[in-house]
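# Structure assessment
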Amino acid sequence: MTSPAPAELGGSLEHTLASERLRVIMRTLSLPDTPQAFIVFLLMLILACGALACHLLLSTAIHENELRLNELKVLNRSIEQETTTLIEEIATSSSLDEGMDRARAMGYESAYELRYILPPTEPATSVSASDAELSKNSSLPIGSQAVDPAAQN
């Protein structure tokens, strides 16, 4: 035979434990009682909100910059393709003869002899007659020496 007393004690015990848990939670999550504690609580809350706002702003900025970087990469690839296409078109449309004709039209003359240009060994202080004659007949800088490759062998 069972008595109704143990059921009532069990319910009372559960109610006591539940109310104790509720009190612990309320104590943990309760608002501060003193003005100083409330100011500290408010500052901590403002700090947490500010950190979340900064995190949101920085995440958004990073995402926007990644999108912009991807757009610029696509633009760079298209410019490189256009450049390659233009170089190929120029290479196929022009020849060495056409370049020589344009150079002659601009007043340049073809070089028929091979010359090596040596830098001056010492600074030129005065212009000699051979340097003046050389500068009239070629585009070598004054003080440079033209060397005939056939004479070197």
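Here, every reference points to the structure presented above.
So, here's what we can say about the structure. (Residues numbered from 1 in each chain as written. Predicted model: local features only at pLDDT ≥ 70, side-chain atom pairs only at ≥ 80, totals over all residues. Heavy atoms only, no water.)

### Here we look at the overall build of the chain
Selection rule: Secondary structure elements are defined from DSSP: runs of H or I of at least 4 residues count as helices, runs of E of at least 2 residues count as strands, and each element is numbered from the N terminus. The buried label applies to any residue whose accessible area, calculated with a 1.4 Å probe on protein chains only, is under 20% of its type's maximum; exposed applies above 50%, and partly exposed to all values in between. Residues count as neighbours in contact if any of their non-hydrogen atoms are within 4.5 Å of one another. Accessibility throughout is a Shrake-Rupley quantity obtained with a 1.4 Å probe, and a residue counts as covered only by protein chains that appear here.
Across its full length, the chain carries 5 helices and 2 strands. From first element to last, N terminus to C terminus, the chain shows the α and β order α-α-α-β-α-β-α. Counting every position in the chain, which comprises 153 residues, the buried fraction comes to 4%. A sequence separation of at least 24 residues applies to 48% of the contacts in the chain between residues at least 6 apart. Within the structure as shown, the chain displays about 13900 Å² of accessible surface, and the carbon and sulfur contribution to it stands at 64%.

### Let's talk about the pattern of salt bridges
This is how the line gets drawn: Basic side-chain nitrogens of Lys or Arg form a salt bridge, by our definition, when they fall within 4 Å of a carboxyl oxygen of Asp or Glu.
Taken as a whole and judged by the stated rule, the model has 3 salt bridges. Here Glu-20 makes a salt bridge to Arg-23, at a shortest N to O gap of 2.9 Å. Here the residue Glu-20 and the residue Arg-23 both occupy positions in helix 1 (residues 4–29), the gap between them amounting to 3 residues, near one helical turn. Under the relative-accessibility criterion, Arg-23 is labelled partly exposed at 47%. We note a salt bridge from Glu-71 to Arg-68, for which the minimum N-O separation is 3.7 Å. Taken together, the residues Glu-71 and Arg-68, both in helix 2 (residues 35–93) and 3 residues apart, mark about one turn of the helix.

### Brief notes about a nonpolar patch on the surface
Where we set the bar: Residues qualify for a patch when their relative accessible area is over 30% and they have no salt bridge, like charges being joined within 9 Å and the nonpolar side chains of Val, Leu, Ile, Met, Phe, Trp and Tyr within 5 Å.
On the surface, Leu-31, Phe-38, Ile-39, Phe-41, Leu-42, Leu-43, Leu-45 and Ile-46 cluster together into a nonpolar patch covering about 750 Å² of accessible area. By secondary structure assignment, the location of Phe-41 is in helix 2. Note on Phe-41: relative accessible area 36%, which makes it partly exposed.

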